[in-house]
Protein chains: 4
Amino acid sequence: MSLKEGDYVLLLTSDGKSYLVEIKDHNFHTHKDYLNLKDLIDKNYGEIIYGKKGEKFYILKPAIYDFLMKIERITQIVYPKDIGYILLKLDIGPGKTVLECGGGSGALTSAFAYIVGEEGKVISYEKEPKFQEVAKKNLKKLGISHRVVFKNIEVLESFEEKEVDAVFLDLKTPWVLIKASWEALKGGHPLGILVPTANQVSQCLLEIEKNPFIDVEVVEILLRHYKTNPERLRPEDRMVAHTGYLIFAKKVFEK
Amino acid sequence: MSLKEGDYVLLLTSDGKSYLVEIKDHNFHTHKDYLNLKDLIDKNYGEIIYGKKGEKFYILKPAIYDFLMKIERITQIVYPKDIGYILLKLDIGPGKTVLECGGGSGALTSAFAYIVGEEGKVISYEKEPKFQEVAKKNLKKLGISHRVVFKNIEVLESFEEKEVDAVFLDLKTPWVLIKASWEALKGGHPLGILVPTANQVSQCLLEIEKNPFIDVEVVEILLRHYKTNPERLRPEDRMVAHTGYLIFAKKVFEK
Amino acid sequence: MSLKEGDYVLLLTSDGKSYLVEIKDHNFHTHKDYLNLKDLIDKNYGEIIYGKKGEKFYILKPAIYDFLMKIERITQIVYPKDIGYILLKLDIGPGKTVLECGGGSGALTSAFAYIVGEEGKVISYEKEPKFQEVAKKNLKKLGISHRVVFKNIEVLESFEEKEVDAVFLDLKTPWVLIKASWEALKGGHPLGILVPTANQVSQCLLEIEKNPFIDVEVVEILLRHYKTNPERLRPEDRMVAHTGYLIFAKKVFEK
Amino acid sequence: MSLKEGDYVLLLTSDGKSYLVEIKDHNFHTHKDYLNLKDLIDKNYGEIIYGKKGEKFYILKPAIYDFLMKIERITQIVYPKDIGYILLKLDIGPGKTVLECGGGSGALTSAFAYIVGEEGKVISYEKEPKFQEVAKKNLKKLGISHRVVFKNIEVLESFEEKEVDAVFLDLKTPWVLIKASWEALKGGHPLGILVPTANQVSQCLLEIEKNPFIDVEVVEILLRHYKTNPERLRPEDRMVAHTGYLIFAKKVFEK
């Protein structure tokens, strides 16, 4: 099971920087050293490869977390701290069909597609063609773009799907699609929304109240990194203070 | 696809309380009303069932999140805010083989088993027989206990497995099993640890430094719920201040 | 400088509970023991007094923090984590004149009166007579009620004061008094506001924008307690998730 | 009460930057404009002064908060979110005598000296001469350096003072001075400590346990800023994740 052309690896240098690279005939440069990525062929995850100037590069298996953090992005992306929770709330698992609207650069799309597996499916609406192009490229790196139905459509009134297992909205005015989300969902199944501002939360909640949704939850998640010196354990100096508010609800046929 | 005996549903009442119940011939009581759970047969998720005194019960599809929150517990459990992040860092997806030590009541085990799917496998070590009995029961509710190999063994030196995709440790002295985790892991693949105290983090970091692990990360995750009144949006009064610190690292063959 | 009748002491028991008591001829009961508070006369801060059944009571000097935490309250009070920051932002120090509207039970009033000293003054508006009665009692315990001008008035249009050093608003609709606050303040001096909901923050900001205020800041402060076992250092299980949002701005004559 | 030479003002520009300046014959430059600070004489707080190129500068009264944030620093300083809480826990008010060890650049010293007023006193130990020089300069800006007794001494065993109202330690190894702090304090009065790492918290707690201190508290305080757009209310993207842990305890004569 050695590495072969086309595989992705995470290269970690001794100063703690990491790089997600594809194995191919290409010179990869850091500020200190370089190597030809073809030399990774027949190496194994966990081994070291040395740069032309002697720098160590650890060859690591990129986890889905690493793909999400290294994703090519031209929009604000959804972060792992939020994605992990979204997966559990939306009940994403092998075989599920998830609809998302506002796919952006494809971070959340990638996580969905990774978890639903070969039997599952992700329908990803995104009105902006250039965002969706980036998302497609990102999904290809993971080798799972065939699990995603990309739709380059601005949804105004309703989705083309019915009876999906979960819906996620990540757009500026998600409240205009709450009715559409209801129509697309199976009974008793979950809707999720991400918005950056408190005002948007209020507008979503108002619209959710008007539709047959219950079990409404609004949360925000904070993640704090610690420095890893065991004799001087302490949080990092700075952290992300906000990514967005998460809203969840479940569809019922009547309230 | 109507409901049938043996299915699990989440019943939500109008006062916002929810209950995870199995459909069988059994009278289910809340403080206000009751119903026979057999009457749920042939109903559908998203519908309402009325109690004998007229109380509304919304019939919802329990998400994996709901199973985790309603799990029968006789130990401290791992919470969704942490589980979601663990899944992404440990690269859990369909087909993966995960080893955990300190399975406890089986919350994390359930999430792992849910995500690895039918092609994946979870090996769950737990020295305490009564904890593992509870974990087994919880996995059976989800209908996926066959994906888990339960081992009622106190691991002292090494695990019986090699070449697993990920290892997770949730026990009092995880540092004694860091070498064993290294031996069980595939090269370049991730280890995760949960500990409640800062002193334990320091001890784990010391041991991780001594072994060929790199890409070390220590984080803590805070989740804050908001009240869902759109005209008076504000966080809840109280929140969980701490569940545990999460430690992650990746195995290499040499440092 | 031994203790005398009328002094306040903080009694701390061995199980960590503390009580703010006045020295007078009165039997003070805990669930385990009791003592006559007159027996504290001629004792000193830092000493132990024994209950009639042998329980230890540590005699501590109540800090202003302790007065704030033990205050008699019939309204939501402002908490020390917020009060400390308010003091610094509003530039409260000896000799200052502060106007507050919505005095409530008098927690913030107490802190203001404590810090402005004998040369300073606090003007405290509160429309509800029974709230102001409680505030007066609380200030008397601290022995500094003479530093406060209590006004049991509902302010509709303007305050009776001009040229005050700082204004603080703690009421449901603070935006209606932002113009009045401007008129009461010295040029270049600070206004502070506390509101519990995000919607109120937005309404305040809208009104602040319409008036000659600049240097606007909105913050929230979170305080997390740790368990004090040095071998098992970790945060408490639960914490206060929210008290309120703090808004600050400074008056200018024109924008 | 117009401004005169030697006064300090906070100049705020239209792009939200602020500068703490002393009024004297000096050209003050921003990247956009400049003005001679002597032209501030006879102006008033709250007014506008125009730069030579027409830029607006708002003339604001610097609050103690502003002095703390604009302080000249050659060490890590204590931040307002922590200082405010320290003031309340240590019962700092007019007339109090506070001893601090590890004065650093003088941020906390400034706040203490500001609040104790003309009748109070701050004793500030700092072994590093160049740190203390900076602290002295900072206190002079506030016009209250006469309230501080600066001691350029490395304390090894005991402080020269007895019967002080409060002690605060801000140094690398505060545990070596916990006995000395006990000796310097009045009975029943508070000790405060700031340390950046969890390991230091544990070491302090161990030493506090060995000495007659009770009512022990360990906390950390997080402050999150919000963007001030009322239509798009949301936290800032990034925040300070950690300054330090605060430890408090009160002296008793025996445990």
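Nothing here was measured: the structure is a model prediction, and the numbers come from that model. (Residues numbered from 1 in each chain as written. Chains lettered and ligands numbered in written order. Predicted model: local features only at pLDDT ≥ 70, side-chain atom pairs only at ≥ 80, totals over all residues. Heavy atoms only, no water.)

Novice: Just checking my understanding: could you explain the relation of the copies chain B and chain C for this structure?
Specialist: Mapping between the two copies of the chain is achieved by a rotation about an axis and a shift along the axis. Laying chain B over chain C is done by rotating through 180 degrees and shifting 0.0 Å along the axis; what remains is an RMSD of 0.0 Å. Here the symmetry operator amounts to a two-fold rotation axis. When C-alpha positions in chain B are compared against the rotation axis, the closest is assigned to methionine 239 of chain B, at 2.8 Å. The residues that chain B uses at the interface reappear at the interface of chain C in 100% of cases, marking a shared surface. (Least-squares fit on C-alpha atoms with pLDDT ≥ 70 in both. Contact = heavy atoms within 4.5 Å.)

Novice: Honestly, the pairing of strand 12 (residues 213-227) of chain A in this entry has me stumped. Any pointers?
Specialist: Looking down a regular strand, the side chains alternate between one sheet face and the other. With 11 of its 15 residues buried, strand 12 of chain A lies for the most part within the structure. In this structure, strand 12 of chain A lies alongside strand 12 (residues 213-227) of chain B, joined through nine bridges in antiparallel fashion. Bridging from a neighbouring strand, isoleucine 221 of chain A pairs with leucine 223 of chain B of strand 12 of chain B. Of the strand pairs in this sheet, strand 12 of chain A and strand 13 (residues 234-235) of chain A are connected by two bridges, and their pairing is antiparallel. Within the sheet, the bridge partner assigned to lysine 227 of chain A lies in strand 13 of chain A and is arginine 234 of chain A. Turn length for the strand 12 of chain A-strand 13 of chain A hairpin, with the two strands adjacent in sequence and antiparallel, is six residues. (Buried < 20%, exposed > 50% of the residue type's maximum accessible area, 1.4 Å probe, protein only. Helix = DSSP H or I, 4+ residues; strand = E, 2+ residues; numbered from the N terminus. Pairing = 2+ DSSP bridges.)

Novice: What is the right way to read the pattern of salt bridges from this model?
Specialist: Two side chains that carry opposite charge are able to pair once their charged atoms sit near each other. Tallied over the full model, the rule gives 97 salt bridges over all chains. The closest approach of N and O atoms between lysine 210 of chain A and glutamate 207 of chain A, which form a salt bridge, is 3.6 Å. One end of the pair is lysine 210 of chain A and the other is glutamate 207 of chain A, both in helix 6 (residues 198-210) and three residues apart, which spans about a single turn. The closest approach of N and O atoms between glutamate 220 of chain D and arginine 224 of chain A, which form a salt bridge, is 2.8 Å. Separated into two different chains, glutamate 220 of chain D in strand 12 (residues 213-227) and arginine 224 of chain A in strand 12 make up a pair that spans both. An identical accessibility class is assigned to glutamate 220 of chain D and arginine 224 of chain A; each is buried. (Salt bridge = Lys/Arg side-chain N within 4 Å of Asp/Glu carboxyl O.)

Novice: I tried to follow unusual backbone geometry on my own but got confused; where do I start?
Specialist: Peptide bonds are trans in most cases, and residues, glycine excluded, mostly fall at negative phi. The phi dihedral of aspartate 91 of chain C is positive, around 60 degrees, even though this residue is not glycine. Its identity is not glycine, yet glutamate 163 of chain D carries a phi of approximately 55 degrees, on the positive side. Secondary-structure assignment places glutamate 163 of chain D in the loop between strand 9 (148-151) and strand 10 (166-169). The class of glutamate 163 of chain D is exposed, set by a relative accessible area of 52%.

Novice: Would you mind showing me how to read the packing of aromatic side chains here?
Specialist: The relation between two aromatic rings is expressed through the spacing of the ring centres and the mutual angle of the planes. As enumerated under the stated definition, the model contains 32 aromatic pairs over all chains in all. Both rings, one in phenylalanine 28 of chain B and one in phenylalanine 57 of chain B, keep their centres 6.4 Å apart while their planes meet at 70 degrees; by these two values the pair is edge-to-face. Of this pair, phenylalanine 28 of chain B sits in strand 3 (residues 27-29) while phenylalanine 57 of chain B sits in strand 6 (residues 56-60), and the two are 29 residues apart along the sequence. Like phenylalanine 57 of chain B, phenylalanine 28 of chain B is buried. One aromatic cluster in this structure is built from Tyr19, Phe28 and Phe57 of chain A. (Phe/Tyr/Trp six-rings, centres within 6.5 Å; stacked < 30°, edge-to-face > 60°.)

Novice: I'm lost on the confidence of the model for chain A in this one. Help?
Specialist: Close inspection of predicted coordinates is inappropriate for parts of the model with low pLDDT. Looking at chain A, pLDDT values average 97 and 100% of them are 70 or higher. The ipTM, which scores confidence in the relative placement of chains, is 0.97 for this predicted complex, and the corresponding pTM is 0.97. (pLDDT = per-residue confidence, 0-100.)

Novice: Is there a simple way to explain the relation of the copies chain B and chain A in this structure?
Specialist: Rotating chain B by 180 degrees and moving it 0.0 Å along the rotation axis overlays it on chain A with an RMSD of 0.0 Å. Mapped onto chain A, 100% of the interface residues of chain B again fall at the interface, so both copies present the same surface.

Novice: Please clarify how the interface of chain B and chain C should be interpreted in this entry.
Specialist: Accessible area lost during the coming together of the parts is what is often quoted as the interface size. On the side of chain C, 23 residues touch chain B, which itself brings 23 residues to the contact. The contact between chain B and chain C buries some 1900 Å² in all, and 45% of this surface belongs to carbon and sulfur atoms. Inspection of the region where chain B meets chain C yields 15 residue pairs in polar contact (both at pLDDT 80 or more). For the side of chain B that touches chain C, the secondary-structure elements that each account for two or more residues are helix 6 (198-210), strand 12, strand 13 (234-235) and strand 14 (238-240) of chain B. Here the side of chain B that touches chain C takes four residues from strand 12 of chain B, the largest share from any one element. Considering only residue class, the side of chain B that touches chain C consists of 11 nonpolar, four polar and eight charged. Alignment of strand 14 of chain B against strand 14 (residues 238-240) of chain C, held across three bridges, turns out to be antiparallel. Among the inter-strand pairings, arginine 238 of chain B is bridged to a residue of strand 14 of chain C, identified as valine 240 of chain C. (Buried area = accessible area lost by both parts, 1.4 Å probe. Polar contact = N/O pair within 3.5 Å; in protein donor to acceptor, adjacent residues only side chain to side chain. Nonpolar A, V, L, I, M, F, W, Y, C, P; charged D, E, K, R; others polar.)

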